[in-house]
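Results of the structural survey
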Amino acid sequence: NPDVRFFEVCNNGSSFAPVPPLPTDGFYGDRFWDAVNAVRCLRGEPLLYAVATDDSHGYPGCGMPESAYTFGDGWIGVKADRLNQDDLFAAMYRGDFYAASGVDFEDIEFDRRRGTLTVSVPAKAGVSYTVRFITTKRGADTVLRSVEIPPEGRRQLREAPVFSDTVGRTVKSDSFAPGVPVRASYTMAPDDLYVRARVESSEPTSYRHKNRMHPEMKVAW
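Residues numbered from 1 in each chain as written. Predicted model: local features only at pLDDT ≥ 70, side-chain atom pairs only at ≥ 80, totals over all residues. Heavy atoms only, no water.

**Examining the packing of aromatic side chains**
Taken as a whole and assessed by the stated rule, the structure comprises nine aromatic pairs. Grouping aromatic residues by their ring pairs yields a cluster made of Phe6, Tyr49, Tyr93 and Phe97. (Phe/Tyr/Trp six-rings, centres within 6.5 Å; stacked < 30°, edge-to-face > 60°.)

**Observations regarding the nonpolar core**
Counting 19 residues, the largest nonpolar core has Phe105, Val119, Val121, Tyr129, Val131, Phe133 and Val199 as the members making the most contacts within it. Mapped by element, the contributors of at least two residues to this core are strand E4 (97–100), strand E6 (116–121), strand E7 (129–135), strand E11 (182–187) and strand E12 (196–204). The residues contacting Tyr129, other than those within four sequence positions of it, are Val103, Val121, Pro122, Lys124, Asp174, Ser175, Phe176, Val182, Val199, Glu200 and Ser201. Membership of the second largest hydrophobic core comes to twelve residues, among which are Leu48, Ala52, Ala99 and Val219. (Core = buried A, V, L, I, M, F, W, Y, C linked by side-chain atoms within 4.5 Å. Buried < 20%, exposed > 50% of the residue type's maximum accessible area, 1.4 Å probe, protein only. Helix = DSSP H or I, 4+ residues; strand = E, 2+ residues; numbered from the N terminus. Contact = heavy atoms within 4.5 Å.)

**Let's talk about helix H2 (residues 85–94)**
Buried within H2 we find Asp87, Ala91 and Met92. For H2, the angular spread of the buried residues around the axis is 135°, confining them to a single face. Of the exposed residues in H2, those oriented more than 90 degrees away from the buried face are Gln85 and Asp86. For H2, the elements touching its buried residues are strand E1 (6–11), strand E2 (49–53), strand E3 (75–78) and E4. Structurally, the start of H2 carries an N-cap: the backbone nitrogen of Asp86 is 3.2 Å from a side-chain oxygen of Asn84. Directly after H2, the chain includes Gly95, whose backbone phi takes a positive value near 90°. (Arc of directions from axis to C-beta. Polar contact = N/O pair within 3.5 Å; in protein donor to acceptor, adjacent residues only side chain to side chain.)

**Here's the deal with the sheet that holds strand E5 (residues 107–111)**
With respect to topology, three strands assemble into an open sheet ordered E5-E6-E11, the strand pairing being antiparallel. Looking at strand neighbours, the two that pair on one side only are E5 and E11, the edges of this open sheet. The average undirected angle you get between the axes of adjacent strands in this sheet is 10°. (Pairing = 2+ DSSP bridges. Axes fitted to C-alpha atoms, helices over the stretch in contact; angles between N-to-C directions.)

These figures capture arrangement, not role.
Below, the structure written as structure tokens:
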């Protein structure tokens, strides 16, 4: 549905538990994101944007046990002129925001004339970074097949798509040593349907509830 513009690429509270051959590295949502945007690009529909959330239901003073405190494990950073609801949502619908589970961008630039995406992340002592530029090429497959997810607790039997390896491929990867400022660029090729960047750090996340929708290392999308 092209009217849907946002989805959770990272959710700390998800109990989604994939089974082989679905990936268990915390990036299954990334693959879904690429598959949807590949189809949308070919149809001329608006892109789907990703958000991150800690899905916290407990805060100090709310009467819940400390084990329920999961805040600060997922958020979005929005580039807006003013801190109010209208400006924030307008910026989000333009795509002027990013999702994060512990990494903050310093700057994000896109040169529409050249098709060049450039991202910057401030240096952090003892933390290394890898910037991956990800795209799907024109003519790529999307879903290969579906697999069954067995019942779990109150969840009934479900089916989940297995995405083709041609969807969401890393076309450039730059690594940065600890303490080195991050600045990386990629210029789109003629057969790229879109481009996005994912910054992976060497710093582990602090979330307590392990699940398959949240990478173990701090990331930004």
